[in-house]
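Observations on chain architecture
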Amino acid sequence: MDAEHLHFDDACFDLVISRNVTWLLPDTKAAYQEWLRVLKPNATLINIDGDYGKDAFTDYSNLPNHHAHHALEDTMLAESENIKQSISINHYSRPQYDLNILKQINTKSIHVDTTIYQRIYQTQDEFYNPTPIFLIALTK
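Residues numbered from 1 in each chain as written. Predicted model: local features only at pLDDT ≥ 70, side-chain atom pairs only at ≥ 80, totals over all residues. Heavy atoms only, no water.

**Some thoughts on the pattern of salt bridges**
Applying the stated criterion across every chain yields a total of 7 salt bridges. With a shortest N-O distance of 2.6 Å, arginine 37 and aspartate 10 are connected by a salt bridge. Within this pair, whereas arginine 37 is found in helix H1 (residues 28–37), its partner aspartate 10 is found in the segment before strand S1 (13–19), the two being separated by 27 residues in sequence. Overall, the relative accessible area of 23% leaves arginine 37 in the partly exposed class. With a relative accessible area of 54%, aspartate 10 lands in the exposed category. One salt bridge connects arginine 119 with aspartate 113, and the closest N-O pair in it is separated by 2.3 Å. Here arginine 119 falls in the partly exposed class, since its relative accessible area comes to 45%. (Salt bridge = Lys/Arg side-chain N within 4 Å of Asp/Glu carboxyl O. Helix = DSSP H or I, 4+ residues; strand = E, 2+ residues; numbered from the N terminus. Buried < 20%, exposed > 50% of the residue type's maximum accessible area, 1.4 Å probe, protein only.)

Here is the structure:
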């Protein structure tokens, strides 16, 4: 389903969770508004994402040799980079960009955890993604 145009009634969910989605959306504000629209009063939205816009998809030299991205062809990496660059959110610092949007929308409280990746990725394995992820939790 299109995250920016949900096919659900207003105020029908107690919780909305998003994981690595917002950095791919053409209209982040519309998505946040939709997610809040489908939440019941006092319900929670959790968004976990990373500031992937600052990473170059065409350079994986800093990743371990067995990382999955090394198996991708240069043309696919270049195409992925072009797509990423075409999405506006990837030109801003995150999660600050998200917070600026959320402050414009009617929410009761916003909590940001920029260190959650340290608890999730306690050990680095060969498929580890070095981009620190963050968590935003808010109450409608």
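**Points about the environment of asparagine 65**
Position of asparagine 65 relative to the elements: it lies in the loop between strand S2 (39–50) and helix H2 (74–85). Assessed through its relative accessible area of 69%, asparagine 65 is described here as exposed.

**Overview of the side chain of arginine 94**
With respect to the element layout, arginine 94 can be found in the loop between H2 and helix H3 (96–104). Of the residues examined, arginine 94 reaches a relative accessible area of 7% and is grouped as buried. Only 2.8 Å separates the side chain of arginine 94 from the side chain of threonine 22, close enough to count as a polar contact. Contacts of arginine 94, omitting those with residues within four sequence positions, involve Thr22, Trp23, Asn47, Asp49, Gly50, Asp51, Ile89 and Phe134. (Polar contact = N/O pair within 3.5 Å; in protein donor to acceptor, adjacent residues only side chain to side chain. Contact = heavy atoms within 4.5 Å.)

**What to know about H2**
Compared with the 16 Å implied by 1.5 Å per residue over 12 residues, the 16 Å span of H2 between its first and last C-alpha is a close match. Within the span of H2, buried status applies to Leu77, Glu81 and Lys84. Here the buried residues of H2 occupy an arc of 65° about the axis, which is enough to place them on one side. Exposed residues on H2 whose side chains face more than 90 degrees from its buried face are Thr75, Glu79 and Asn82. (Expected span 1.5 Å × (residues − 1). Arc of directions from axis to C-beta.)

**Considerations on the packing of H1 against H3**
Between H1 and H3, the least distance of the axes is 10 Å, while the angle of their chain directions is 50°. Classified by the angle between their axes, H1 and H3 sit oblique to one another. As for how H1 packs across H3, the hand of that crossing is right-handed. Touching Thr28, Lys29 and Tyr32 of H1 are Tyr97, Asp98, Ile101, Leu102 and Gln104, all from H3. Taken together, the residues of the contact of H1 with H3 sort by class into 4 nonpolar, 2 polar and 2 charged. (Axes fitted to C-alpha atoms, helices over the stretch in contact; angles between N-to-C directions. Parallel < 35°, antiparallel > 145°, perpendicular 65-115°, else oblique. Left-handed = near helix turned anticlockwise from the far one by under 90°. Nonpolar A, V, L, I, M, F, W, Y, C, P; charged D, E, K, R; others polar.)

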